[in-house]
Amino acid sequence: MTETLIGWGRRTPAVATVRVLRSENDVARELASGEAMIARGLGRSYGDAAQLSGGVVLANRGLSHIGPIVEGTVTVGAGASIDELLARTMPQGWFVPVTPGTRYVTIGGAVAADVHGKNHHVDGSFANHVRSMRLVTPEGPFQLSPHDEPELFWATMGAMGLTGVVTSVELNLTRVETNQMVVDTDRFGDLESVMAEMRLRDRDYRYSVAWVDCMSPGTALGRAILTRARHAVTNDIERPRLDSPGSGRLAIPFRAPSGALNACSVRSFNELWYRRAPRREVGAIVPLGAFFHPLDGVRNWNLLYGKRGFVQYQFCVPEEHEDAIALVIERLARSKVPSFLAVLKRFGSANRAPLSFPLAGWTLALDLPVGSQRLPTLLDELDEIVVQAHGRVYFAKDSRLRPEYVPLMYPRLAEFLNVKSRVDPHTQLKSDLARRLGLVGG
Amino acid sequence: MIVENAFGQPQNVVVLGGSSDIARAITKRLCAARARTFVLAGRNESLLKVATNDAVECGATMVNTVLFDAEEPKYAAATVRAAFEKVGGPVDLVVIAVGLLGVQSSDEDSADAVMRLITVNFTWPAAALAEIRRLLVAQGSGRILVISSIAAVRVRRSAYLYSSAKAGLDRMCTGLAQSLEGTGVKMQIIRPGFVRTKMSQGLAEPPFTTGASEVAEYVMRALATGDVVNWSPPILRYVAFVIEHLPAVMWRRIADSKS
């Protein structure tokens, strides 16, 4: 069936033929047709990663089987969401090892983007917790693990679905005693002090993330709220419970008018957000969902950005070039382009995947409503800062990077392309993102 | 398959009427914003060569040309196909910048001249649009940008031939835009006011006159917003509203006072 697909940022629609996958055999049969295709899960990537205009898009949601938990690992279909997985595992005291800012991503999507969470500095990214997985390629199915076909295993992690279609994943889970978090919150008046604190004491917490204000004027630029947490144990709570994060969700009934989010309204929001946070609070008990997935409470929050949608810009830079973070924030503030509280986080070591995003250092993610005429050029300038700092932008968020920068940001691109040409010699797996960034030929 | 990005910045572009001043200014701006492959179609080989050099200087890596005559709408579809083939991949953006101002005082009494003016400004672009529509819809993505004119808003005595042809094209495009909903293809028009170019040389400059580079700037903004109707400069939106609603007597006094 022909459908119009769009990324979460609602910027680049694509018309494609959507086919629903129900089994691994379906994948093999689709690939046998020789048509160009890409898999798609819940469409949470911001840009054009999970679509292929004029081609075939394989909807993976039918591959949703969740197996029993055996010694802390579970085999889960690539189309199951983290939300569905948690509904199964939480009551038995198991949490996902890594979750991005939303539960509404599929396991296949988590592999494709090699997602990271607030625990990256301790636990690394999603790939680090995958024991094995099934991947169907144009050259046949593979059972992959860090020991079997390690090259293809790692080349698939973070490769945005371009090596094949993941059908199931054997995932290590994390033991938890309750469905609550113990959270410490601190407010910092400027960027330097929050970064110093994170450098010094992030290791003491499993989860850590900072919200940074990129619009406050003068010396308040980069003021931040740092939240750090651990899973609550039975002793922390009177009546410990283990149900999964609830799914009672609000919905935005209609698209907001474009321009509702302008420099003025966003600055006021940032001010309120900053003032709302306690200067210092220790040991607050917070439900899992509220801590990990604050925006999941509103089903289609992306509509708040109106008809013009938004872009997200997330980059990381290595430790030794951390100055780039301040430079980007200053450049952003000077441009007066509205940006919501940015998310700042420290990354632990990179894994072995050539296209995985995280590298040891810092990452900053910005939500930017489209509409400001300065925005396209501003982001091009930020790219230059990032490239000079030997950093990179995140494919899962991207919808506008210059293709020339890809090999500079991902210097191991050639390794990925080698593996891809082995399992996909006719470049059957492609996406609009891959074409736009020159990750695949014609 | 699209290669254009979240800001409507294309990588592969076809420009019909590629040697016009406005088209050249747009090409340069597109190059600066990551466009790499161009096919420039025009009627004059040496002018196309100049436009090609512009594009290469600004960073285009592949520029091809196609020759055509806008007085021959029979071949419009073939010209479009040739241009698409030379791109050799998905086409992100097709710019139509074909136009002929004419000299009305001498044209208006000649059936041949009137036919030529209507053909170049309306019939040829209309025929080309039909083929572009077909190819882009099959591709499932892409964008068409047509250079219309504020002259399309209300016909005036001193340029009624040009105005009416542009009005025809302009209205066709707004309808075409609706017909493309749900196909993945976008249709946009920009209505410039008076632009200082080869085409308008020697004419008196009305208020809100711009240069070709300014038009290109507003084209880039239009691509980013995706709005169907765009103006250069943007204030003309309001000027045009007034023009449209002026009583005929007043309109004639204002519009034709200087000619």
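Calculation criteria
- Residues numbered from 1 in each chain as written.
- Chains lettered and ligands numbered in written order.
- Predicted model: local features only at pLDDT ≥ 70, side-chain atom pairs only at ≥ 80, totals over all residues.
- Heavy atoms only, no water.
- Helix = DSSP H or I, 4+ residues; strand = E, 2+ residues; numbered from the N terminus.
- Rg over C-alpha atoms; globule rule 2.2 N^0.38 Å.
- Buried < 20%, exposed > 50% of the residue type's maximum accessible area, 1.4 Å probe, protein only.
- Contact = heavy atoms within 4.5 Å.
- Areas by Shrake-Rupley, 256 points an atom, 1.4 Å probe, with all protein chains shown as cover.
- Lys, Arg positive; Asp, Glu negative; His and termini not counted.
- Charge placed at Lys NZ, Arg CZ, Asp CG, Glu CD.
- Phe/Tyr/Trp six-rings, centres within 6.5 Å; stacked < 30°, edge-to-face > 60°.
- Lys NZ or Arg CZ within 6 Å of the ring centre and 35° of its normal.
- Right-handed = clockwise from strand over helix to strand, strands pointing away.
- Arc of directions from axis to C-beta.
- Salt bridge = Lys/Arg side-chain N within 4 Å of Asp/Glu carboxyl O.
- Pairing = 2+ DSSP bridges.
- Buried area = accessible area lost by both parts, 1.4 Å probe.
- Polar contact = N/O pair within 3.5 Å; in protein donor to acceptor, adjacent residues only side chain to side chain.
- Nonpolar A, V, L, I, M, F, W, Y, C, P; charged D, E, K, R; others polar.
- Axes fitted to C-alpha atoms, helices over the stretch in contact; angles between N-to-C directions.
- Parallel < 35°, antiparallel > 145°, perpendicular 65-115°, else oblique.
- Left-handed = near helix turned anticlockwise from the far one by under 90°.
- Core = buried A, V, L, I, M, F, W, Y, C linked by side-chain atoms within 4.5 Å.

Trainee: Outline the overall build of chain B, supporting the account with residue identities and numerical values.
Mentor: In terms of regular secondary structure, chain B is built from 9 helices and 9 strands. Taking 18 Å as the expected radius of gyration for a compact globule of 259 residues, we find that chain B reaches 17 Å, a close match to that expectation. In terms of overall dimensions, chain B has C-alpha extents of about 50 × 35 × 35 Å along its principal axes. Relative to its full complement of 259 residues, chain B shows a buried share of 56%. For chain B, contacts bridging at least 24 residues in sequence account for 72% of all contacts bridging at least 6. Approximately 10900 Å² of chain B is accessible, and the part contributed by carbon and sulfur atoms is 56%. Separation between the mean location of the 28 positive side-chain charges and that of the 23 negative ones in chain B comes to 4 Å.

Trainee: So what's going on with the packing of aromatic side chains? Which residues, and what values?
Mentor: All names here are of chain A. For the structure on display, the rule yields 11 aromatic pairs over all chains. Here Phe395 and Tyr410 contribute two aromatic rings whose centre-to-centre distance is 4.5 Å and whose plane-to-plane angle is 25 degrees, an arrangement assigned as stacked. Here Tyr410 lies in the loop between helix H11 (406-409) and helix H12 (413-423) and Phe395 lies in the loop between strand E19 (392-393) and H11, a separation of 15 residues in the sequence. Of the two residues, Phe395 and Tyr410, both sit in the buried class. Each member of the aromatic cluster is reached from another via a ring pair, and the members are Phe95, Tyr207, Phe291 and Phe292. The ring of Trp362 carries the charged tip of Arg346 above its face, separated from the ring centre by 5.1 Å.

Trainee: Before we move on, can you summarise the pairing of strand E6 (residues 185-192) of chain B with the specific residues and values?
Mentor: Of all 8 residues in E6(B), 7 are buried, a share of seventy percent or more. Read from strand E5 (residues 142-147) of chain B through helix H6 (residues 160-179) of chain B to E6(B), the crossover connection turns out right-handed.

Trainee: Requested: an account of helix H8 (residues 236-245) of chain B, with residues and values cited.
Mentor: Count 3.6 residues to each turn of an α-helix, and residues three or four apart come out pointing the same way. Residues and elements named next belong to chain B. Of all the positions in H8, only Leu236, Ala240 and Ile243 are classed as buried. Projected down its long axis, H8 shows its buried positions confined to an angular sector of 60 degrees, all on one face. Away from its buried face, by an angle of more than 90 degrees, H8 presents the exposed residues Tyr238, Phe241 and His245. For H8, the elements touching its buried residues are E6, strand E9 (229-232) and helix H9 (248-255).

Trainee: Outline the side chain of B:Asp107, listing residues and values.
Mentor: All names here are of chain B. You can see Asp107 is positioned in helix H4 (residues 104-107). An unpaired buried charge is present at Asp107: no salt bridge exists, and Arg116, the closest side chain of opposite charge, is 4.6 Å distant. Residues in contact with Asp107, not counting those within four places in the same chain, are Gly102, Ala113, Val114, Leu117 and Leu161.

Trainee: Tell me about the sheet that holds strand E12 (residues 180-188) of chain A, residues and numbers included.
Mentor: Residues and elements named next belong to chain A. In space, the 8 strands of this open sheet follow the order E15-E12-E14-E13-E17-E18-E16-E19, with antiparallel pairing throughout. The strands lining the two open edges of the sheet, one partner per strand, are strand E15 (280-287) and E19. The pairing of E12 with E15 spans 6 bridges and is classified as antiparallel. The partner of Val182 across the bridge, within E15, is Ile285.

Trainee: Account for the interface of chain B and chain A, with residues named and values stated.
Mentor: Listed per partner, the contact involves 24 residues of chain B and 29 residues of chain A. With both chains or domains summed, chain B and chain A bury close to 2100 Å², and 52% of this area falls on carbon and sulfur atoms. For the pair chain B and chain A, the number of links is 2 salt bridges. Between A:Asp380 and B:Arg34 there is a salt bridge, and its shortest N-O distance comes to 2.6 Å. Linking chain B to chain A there are 9 residue pairs in polar contact (both at pLDDT 80 or more). Among the elements that take part in the side of chain B that touches chain A, helix H7 (residues 212-225) of chain B stands out by supplying 3 residues, more than any other. Class assignment of the residues belonging to the side of chain B that touches chain A gives a composition of 8 nonpolar, 10 polar and 6 charged.

Trainee: Quick one: what's the story with the packing of helix H1 (residues 21-32) of chain B against helix H2 (residues 45-57) of chain B, residue by residue and with numbers?
Mentor: Each pair of packed helices can be described by the angle between their axes along with the distance between the axes. All names here are of chain B. H2 packs onto H1 with a crossing angle of 20 degrees between their chain directions and a minimal axis gap of 9 Å. Considering their axes alone, H1 and H2 lie roughly parallel with respect to each other. The interaxial crossing formed by H1 with H2 has right-handed handedness. Residues Arg24, Thr27, Lys28 and Cys31 of H1 pack against Val50, Ala51, Asp54 and Ala55 of H2. Class assignment for the residues of the contact of H1 with H2 results in 4 nonpolar, 1 polar and 3 charged.

Trainee: I'd like to hear about the packing of H1(B) against H7(B), residue by residue, with values.
Mentor: Residue and element names in this part refer to chain B. It is the contact of H1 with H7, at a shortest axis distance of 8 Å, that shows an interaxial angle of 55 degrees. The angle between H1 and H7 places the two elements in the oblique class. Considering how the two elements wind past one another, H1 and H7 form a crossing that is right-handed. Every residue of H7 that contacts H1 at Asp21, Ile22, Ala25, Ile26, Arg29 and Leu30 is listed here: Ala212, Ser213, Val215, Ala216, Glu217, Val219, Met220 and Leu223. Among the residues making up the contact of H1 with H7, the classes are represented as 10 nonpolar, 1 polar and 3 charged.

Trainee: Can you tell me about the environment of B:Tyr218, naming the residues and giving the values?
Mentor: Residues and elements named next belong to chain B. Along the polypeptide, Tyr218 turns up in helix H7. Linking Tyr218 and Asn230, residues 12 residues apart in sequence, is a C-alpha distance of 8.0 Å. For Tyr218, the contacting residues outside a window of four places in its chain are Ile190, Trp231, Ser232, Pro233 and Pro234.

Trainee: Just give me the short version of the nonpolar core, but keep the residues and values in it.
Mentor: All names here are of chain A. Membership of the largest hydrophobic core comes to 117 residues, with the highest contact counts inside it found for Val194, Ile325 and Leu344. Ranked by the residues each element gives to this core, the list is headed by helix H10 (residues 375-388), at 7 residues. If near-sequence neighbours (up to four positions away) are discounted, Val194 is found in contact with Phe188, Ala210, Ala224, Leu226 and Leu344.

Trainee: If you had to explain the pairing of strand E10 (residues 165-172) of chain A to someone new, which residues and values would you point to?
Mentor: Residue and element names in this part refer to chain A. Here E10 lies mainly inside the structure; 6 of its 8 residues are buried. Note: strand E6 (residues 73-77) against E10, 5 bridges, orientation antiparallel. Across the sheet, the residue bridging to Val74 is Leu171, located in E10. Relative to E10, strand E8 (residues 130-137) runs antiparallel, the two being bridged by 6 bridges. Bridge pairing links Val130 to Leu171 in E10.

Trainee: Describe the environment of B:Ala177, with residues and values.
Mentor: Residues and elements named next belong to chain B. Here Ala177 is to be found in helix H6. For the pair formed by Ala177 and Ile189, sequence separation is 12 residues and the distance between their alpha carbons is 9.2 Å. Those residues in contact with Ala177 that lie beyond four places of it in its chain are Met187 and Val228.

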